[in-house]
There are 2 protein chains.
Amino acid sequence: MSVHAAWLPAESFVALGSRRVLVHGDGVDTVLDEVTRACARHGGQVRRSPCGDADVDLVLALRQAVPLPVPAAQAARQAAGEPPGDEGFVLTRSGDVTVLLADTPTGLLYGLFHLVRLGAAAFTVDQPTRRHRPALRRRMLDHWDNVSVHPVMGQVERGYAGGSIFWRDGAARHDLARIREYGRLLAAVGINAISVNNVNVGPVEARLLTDRLDDVAEIADVLRPYGIRVHLSVTFAAPVVLGGLPTADPRDEQVRAWWATTTRQVYERIGDFGGYVVKADSEGQPGPFSYGRSHADGANLLAEALAPHGGVVHWRAFVYNHHQDWRDRSTDRARAAYDHFVPLDGDFRTNVVLQVKYGPVDFQPREPVSPVLAAMPATRLAMELQVTQEYTGQQRHVCYLGPWWSELLGFRPWQTPERTVADVVTELVAVSNVGDDPFWCGHPLAQANLYAFGRLAWDPRLDPTAVLDEWIDLTSPPGSTGDTGRVRATLHAIMDDSWRTYERYTAPLGVGFMVDPLRHHYGPNVDGYEYSRWGTYHFADRDGVGVDRTRATGTGYAGQYPPGWAQVYESLADCPDELLLFFHHVPYDHVLHSGSTVIQHIYDTHFTGVAQVETMRERWRQLAGLLDQALFERVAERLDEQVRSATEWRDQINTYFFRKSGVPDAHGRPIH
Amino acid sequence: MSVHAAWLPAESFVALGSRRVLVHGDGVDTVLDEVTRACARHGGQVRRSPCGDADVDLVLALRQAVPLPVPAAQAARQAAGEPPGDEGFVLTRSGDVTVLLADTPTGLLYGLFHLVRLGAAAFTVDQPTRRHRPALRRRMLDHWDNVSVHPVMGQVERGYAGGSIFWRDGAARHDLARIREYGRLLAAVGINAISVNNVNVGPVEARLLTDRLDDVAEIADVLRPYGIRVHLSVTFAAPVVLGGLPTADPRDEQVRAWWATTTRQVYERIGDFGGYVVKADSEGQPGPFSYGRSHADGANLLAEALAPHGGVVHWRAFVYNHHQDWRDRSTDRARAAYDHFVPLDGDFRTNVVLQVKYGPVDFQPREPVSPVLAAMPATRLAMELQVTQEYTGQQRHVCYLGPWWSELLGFRPWQTPERTVADVVTELVAVSNVGDDPFWCGHPLAQANLYAFGRLAWDPRLDPTAVLDEWIDLTSPPGSTGDTGRVRATLHAIMDDSWRTYERYTAPLGVGFMVDPLRHHYGPNVDGYEYSRWGTYHFADRDGVGVDRTRATGTGYAGQYPPGWAQVYESLADCPDELLLFFHHVPYDHVLHSGSTVIQHIYDTHFTGVAQVETMRERWRQLAGLLDQALFERVAERLDEQVRSATEWRDQINTYFFRKSGVPDAHGRPIH
């Protein structure tokens, strides 16, 4: 089967492609190519030379082009005011002509895809002049793709969409058409950076930096026309494993020279190379700790090598002791990123981006926002999300994450309305959910998460529900062949609340990590990590459950927040219900703000969650005959699995807590 | 390093090898070879021609040889009485001559190794005439060795001793010297049958039956001189996967013809081929159920093909539903073998051996004896043991299993003194613990289990402690270089009670299966199989623990025993403590026969068990300098791991039950 068009089906270009379009400026080949394709399909015309307003419906032009080719465009330049910048664009209407101006070909391309989103509305008189610029300068996807198939993690670590689009069985795939199509989809949602290999860097992957660099350059060449710069995950031990040096000590002159030379060679091959991504001293990866150096030393070593070429290093803050003793209640993995990194604030070079997971643990469906994000004002910060659904159903469950990310981005660390997380970070990074699956993401509806990630990275203030509808409208809906209104309404109903539904039937009240180690975090296992070295506990006993993270009696994690939130989280009275068990160990009869007890809440949400999934499935089934058959069946199968899995979650969680607490369900529903 | 000599070091042959030995008879090359080697090393003489009593100290002769070569032997033949049979031998003293007579070369070989065990005592006057015959006709080892490396299970399924001695990476190893040495060790303990590939038969392994038969023949050729016949695990689907037939239905004429032809071809190549081993309709393996046929139909199909050639089929009774729903308390995996097979008693051909695991579940350190063994009087039965320590420490823990097997063999199903399990079965089969490790078994002390298995299969009434001492004495001890008395005493102290120690620090009171699925059954995970499809539950809640298997209120499993035992097991007052939780769900404050409550028993045994392992380690450390360094270190490392693992068992089990029960330890020891 051919690859699914995702949010760029031919039909989305009808409004644009049926018009007379003038494309103007140098180096705008990508835009010209899109317009030419659209017009060829939908009966429009493409012009490249100046003309009068009457001869054109749409102008796409670089602002600095002199003279602008049509009077309407000249007028628009006057109206535009402040320059839109490298990636922005200005959209206006002048008379009957829609004008889109940008300073760069990439800006123009983003503008073009904005027109696609607007559809016919772009050509109505009430289109006001508006300047569009991305809120965050880098909007990046990390691919955890391995070049060689890892014996445990496979071709794509935490990948649920088949193989990698870049690599297969130890070598590059050279499937440039697929990569180009991917670049086009990413440009359409404003993503401008990508790292092409897993942060856990194996021996084969390490060599992408040196003798396998051509494979990286090939990808960079394909993605460059879409405004996307390529980054590379590197191993901190590269000077040893690739360079043959006796050490990778960041203070060693030979090591610094090796990185400088190696990096220069990278830039000689890939002039706009983005930089390095590093997971150091974490889960077995090497790092500066081996040499008694700090993570600032480590990050600055690479930053120094990258600086002359305009590159950056993304240094992950995901550093913790993964050999904890479960008997020791004083150690708290949630504290680790803050404890490791906050003392280093101010020590990082300006081209270091500290990449901080959104929560203090590990991409759970519910965590508090990482306190690191509010504690490093002198450091460039990226917040890291996980589009790939490691802990949110592994692309077998419908789980639209837009609302969750929107909550995270809108969190106010200082409880003042002005400054949200989105204002604190300079970029948003996410682990990709894409593979060589014909639907890109395994679950066709998981495309919406990739879409929403790009859109929220461009503008964190977008309403995630509106973004969902935008995605639904663009995909029209995916593979739709019939009653689009009904299909759209159904998709909306299935997806809009699906993250909260997922939260309901999985680990309760923010306690997290009741997942199965054997099935790589898929499905329930309440004690799966309770006696493990990974530092992820819930401490459930016959009397209660939860982790005391207060300063007074617990691990003190709550004290890592600015005082306002520290106080809220530490107070049993004020702590939000959804995070109660993350911050407190409470008895099962503790009464929530909702009025329910903890134990009854567990029962209720789990019964409700499964009922909601059953409704999802029922809704989907009613679309039979209205959709492309392959897509319909793919989603139908996954919904069957979601019902099965959600039921398993419900029954295991309820049974576990019933067996421990001995408290029966107030409504007498079956618990085993 | 060279391969360890196990229980046949050169020193064990001193008494025999320093004498004048007459070897007499045709086809006794293996015996002659052993004697020649021993005498060459220890200064004795080998003779082949008749002589007077004064010229010889030891005669090893076939009884039917006429005339017997020396007067002493002729006298011995008179005294021997009844013939010793195919595998037996007669040992006597006549004047100053020790005489060993047998009817076959294999019997003579067994006699020779008996002399090795006796050492100097074989040459003292008070050696009475005694006939030795094996109690069980077949004493067999099953190798769960894969030809190709299985992606999950590796080269040897449940193997903890390196690779396979037969296969590597998809092909035969052709390491005939190693296989010969293995055959010698097995003959020395009386093992006379071996199956050379895993009961889970993959596509490559299936072909051992046909185009890879030469590899099997090569092994058979090497083992034949040691009295060992080679068997093969086959897939029930062979007619389909190898023969290209549309079905493997046992009633299909083409299928029967295929098996007949194929089997004839096997015997043309390997005249003394032993037969087939089959795991059918179990854990994903194909079987007669696919065709609506019974397991008697299935087994008889193969038996019919083997019968003309004197072969047997070992048909495993390990058939159960491994897709159980943990919510359903009425299904009980323990019942499965009985429910499947007992109704078929009398339907199996005489060359079918039904191979029954010793317990109803799966090789746990404590289970009741399988009721199938007492319920199929018209069927040939083998009891299956597991020498490889899947559930007993995986050859990282010292766990001498002789006492456990002795208990199983001595179990009296009808509570009458006359008939034990050993009287009911015609053979004993065990899964091998041998790999290409230089110490054969990974853990040097695990050799004792292989030794004890062979000895108990020859004579189930042997005292397992005496067998242990025999092994210690023979290995002298393994690698010993110094104070052998101290070494022997220490080994005895470490090993003798080690199975009960293992039982103490793992799952309590017979409830079983609290093992970690992720680490392939190594280490504790109390709820590891509690919500799984494998049918292995303990049902612990805040009030109590255990599985009700009574007829009145439970699964009814206890009713599968003869009335006496059914009554004992069903009675809370009479059920033995060590099986209490296998048969009953009881409150934590239930008082055992020992006077302790269940919960306090859990705490006490777990603290005691770990203390005992620490003592083991301490004892071993005191042998530093007295043993071969490599052997000393190998055991020392494993004891470190055993202490670590036992501590983990103790703490997880105690913590789990403390959190559930809320009952503190009466002695206030640390529980987490």
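Residues numbered from 1 in each chain as written. Chains lettered and ligands numbered in written order. Predicted model: local features only at pLDDT ≥ 70, side-chain atom pairs only at ≥ 80, totals over all residues. Heavy atoms only, no water.

S.K.: Would you take a moment to explain the overall build of chain A for this structure?
M.R.: A count of helical and extended segments in chain A gives 21 helices and 20 strands. At 26 Å, chain A has a C-alpha radius of gyration in line with the 26 Å of a compact globule built from 672 residues. Seen along its three principal axes, the alpha-carbon backbone of chain A occupies a region of about 80 × 65 × 50 Å. The proportion of buried residues among the 672 residues of chain A is 65%. Considering only residue pairs separated by 6 or more positions, chain A has 71% of its internal contacts joining residues 24 or more positions apart. Put simply, chain A shows about 22600 Å² of open surface, and 49% of that area lies on carbon and sulfur atoms. (Helix = DSSP H or I, 4+ residues; strand = E, 2+ residues; numbered from the N terminus. Rg over C-alpha atoms; globule rule 2.2 N^0.38 Å. Buried < 20%, exposed > 50% of the residue type's maximum accessible area, 1.4 Å probe, protein only. Contact = heavy atoms within 4.5 Å. Areas by Shrake-Rupley, 256 points an atom, 1.4 Å probe, with all protein chains shown as cover.)

S.K.: What am I meant to see in the UniProt feature "domain: Glycosyl hydrolase family 67 catalytic" (unreviewed entry) in chain A here?
M.R.: The feature "domain: Glycosyl hydrolase family 67 catalytic" (unreviewed entry), as annotated in UniProt, sits at residues 129-440 of chain A in this numbering. As annotated, residues 129-440 of chain A has a helix share of 26% and a strand share of 18%, and its two end C-alpha atoms lie 36 Å apart. (UniProt positions renumbered as here; feature names shortened; annotations may be inferred.)

S.K.: In this structure, what is going on with the relation of the copies chain A and chain B? I would like to understand it.
M.R.: Each of the two chain copies can be generated from the other by rotation about an axis followed by a shift along it. Placing chain A over chain B gives an RMSD of 0.0 Å and needs a rotation angle of 180 degrees, together with 0.1 Å of translation along the axis. Expressed as a symmetry operation, the mapping of one chain copy onto the other fits a two-fold axis. Taking C-alpha positions as reference, the residue of chain A nearest the rotation axis is Leu518(A), located at 2.5 Å. Both copies present the same face, since 100% of the interface residues in chain A are matched by interface residues at the equivalent positions in chain B. (Least-squares fit on C-alpha atoms with pLDDT ≥ 70 in both.)

S.K.: Looking at this structure, I do not really get the side chain of Asn192(B). What am I missing?
M.R.: Its location among the elements puts Asn192(B) in the loop between α5 (176-188) and β12 (193-195). At 2.8 Å, the side chain of Asn192(B) and the side chain of Glu87(B) are in polar contact. (Polar contact = N/O pair within 3.5 Å; in protein donor to acceptor, adjacent residues only side chain to side chain.)

S.K.: Help me understand the interface of chain A and chain B in this model?
M.R.: How large an interface is tends to be reported as the accessible area lost when its parts come together. Counting residues at the interface gives 24 residues for chain A and 24 residues for chain B. Summed over both sides, the interface of chain A with chain B buries roughly 2400 Å², with 48% coming from carbon and sulfur. Put simply, chain A and chain B have six salt bridges between them. Close ionic contact of Arg327(B) with Asp651(A) constitutes a salt bridge, the shortest N to O distance being 2.4 Å. Across the contact surface, chain A and chain B share 17 residue pairs in polar contact (both at pLDDT 80 or more). Residues that form the side of chain A that touches chain B fall into these classes: seven nonpolar, six polar and 11 charged. (Buried area = accessible area lost by both parts, 1.4 Å probe. Salt bridge = Lys/Arg side-chain N within 4 Å of Asp/Glu carboxyl O. Nonpolar A, V, L, I, M, F, W, Y, C, P; charged D, E, K, R; others polar.)

S.K.: How should I be thinking about the UniProt feature "active site" (unreviewed entry) in chain A in this particular structure?
M.R.: All names here are of chain A. The feature "active site" (unreviewed entry), as given by UniProt, occupies Glu283, Asp362 and Glu390 in the numbering adopted here. Judged by its relative accessible area of 27%, glutamate 283 is partly exposed. Apart from residues lying up to four places away in sequence, glutamate 283 is in contact with Phe318, Tyr320, His322 and Trp534. Within polar-contact distance, the side chain of glutamate 283 engages the side chain of lysine 279 at 2.8 Å. Examined against the element boundaries, aspartate 362 turns out to sit in the loop between β16 (352-357) and β17 (380-386). Its relative accessible area of 7% is what places aspartate 362 among the buried residues.

S.K.: I keep staring at the pattern of salt bridges and nothing clicks. Help me out?
M.R.: Opposite charge on two side chains makes pairing possible when the charged atoms of those side chains draw close. Taken as a whole, this structure holds 94 salt bridges over all chains when the rule is applied. Asp437(A) is the salt-bridge partner of Arg634(A), the closest N and O atoms lying 2.9 Å from each other. Pair noted here: Arg634(A) is in helix α21 (residues 629-661) and Asp437(A) is in the loop between β18 (427-431) and α14 (447-458), with a separation of 197 residues, a long-range link. In this structure Arg634(A) comes out as buried when scored by relative accessible area, which is 15%. Note on Asp437(A): relative accessible area 8%, which makes it buried. Across the salt bridge formed by Asp249(B) and Arg293(B), the nearest N and O atoms sit 2.9 Å from each other. Here Arg293(B) lies in the loop between β14 (275-278) and α10 (295-306) and Asp249(B) lies in the loop between α8 (238-241) and α9 (253-269), a separation of 44 residues in the sequence. The class of Asp249(B) is buried, set by a relative accessible area of 13%.

S.K.: Just to check I follow, could you spell out the sheet that holds strand β12 (residues 193-195) of chain A for this structure?
M.R.: Strands in a sheet are paired, the pairing made by backbone hydrogen bonds, and the direction either parallel or antiparallel. All names here are of chain A. An order of β7-β12-β13-β14-β15-β16-β17-β18 is seen for the eight strands of this closed barrel, with the pairing classed as parallel. Sheet twist, expressed as the average angle between the axes of neighbouring strands with direction ignored, equals 25 degrees. In the sheet, strand β14 (residues 275-278) pairs with strand β15 (residues 312-316) via four bridges, with the strands oriented parallel. Residue pairing for β15: valine 277 is matched across the bridge by histidine 314. (Pairing = 2+ DSSP bridges. Axes fitted to C-alpha atoms, helices over the stretch in contact; angles between N-to-C directions.)

S.K.: In this structure, what is going on with the packing of helix α12 (residues 402-410) of chain A against α14(A)? I would like to understand it.
M.R.: Packed helices, taken two at a time, are described by the angle their axes make and the gap between the axes. All names here are of chain A. Running from N to C, α12 and α14 point in directions that differ by 25 degrees, and their axes come no closer than 10 Å. It follows that α12 is roughly parallel to α14 by the angle criterion. Two packed elements cross with a definite hand, and for α12 against α14 that hand is right-handed. Across from Gly402, Trp405, Ser406 and Leu409 in α12, the residues of α14 making contact are Asn449, Ala452, Phe453 and Leu456. For the contact of α12 with α14, the residue count by class is five nonpolar, three polar and no charged. (Parallel < 35°, antiparallel > 145°, perpendicular 65-115°, else oblique. Left-handed = near helix turned anticlockwise from the far one by under 90°.)

S.K.: Whenever I open this one, the packing of aromatic side chains confuses me. Can you help?
M.R.: All names here are of chain A. Summed over all chains, the structure comprises 64 aromatic pairs over all chains. Relative to phenylalanine 363, the ring of tyrosine 358 has its centre 5.8 Å away and its plane inclined at 45 degrees; by these criteria the two rings are tilted. Overall, tyrosine 358 belongs to the buried group, its relative accessible area being 3%. Considering the side-chain rings of tyrosine 588 and phenylalanine 657, the 6.0 Å spacing of their centres and the 70 degrees angle between planes classify their relative orientation as edge-to-face. With tyrosine 588 in the loop between β20 (586-587) and α20 (598-621) and phenylalanine 657 in helix α21, this residue pair connects regions lying 69 residues apart in the sequence. (Phe/Tyr/Trp six-rings, centres within 6.5 Å; stacked < 30°, edge-to-face > 60°.)

S.K.: I'm lost on the sheet that holds strand β4 (residues 89-94) of chain A in this one. Help?
M.R.: Residues and elements named next belong to chain A. Reading across from one edge, β2-β1-β3-β5-β4-β6 is the order of the six strands in this open sheet, with mixed pairing throughout. With partners counted over all chains shown, the strands left at the sheet margins are β2 (45-47) and β6 (130-132), one partner each. If you compare each strand with its neighbour and ignore which way they point, the axes differ by 20 degrees on average. On the sheet, helix α4 (residues 105-118) packs against β3 (58-62), β4, β5 (97-102) and β6 and is oriented at approximately 145 degrees with respect to β5.

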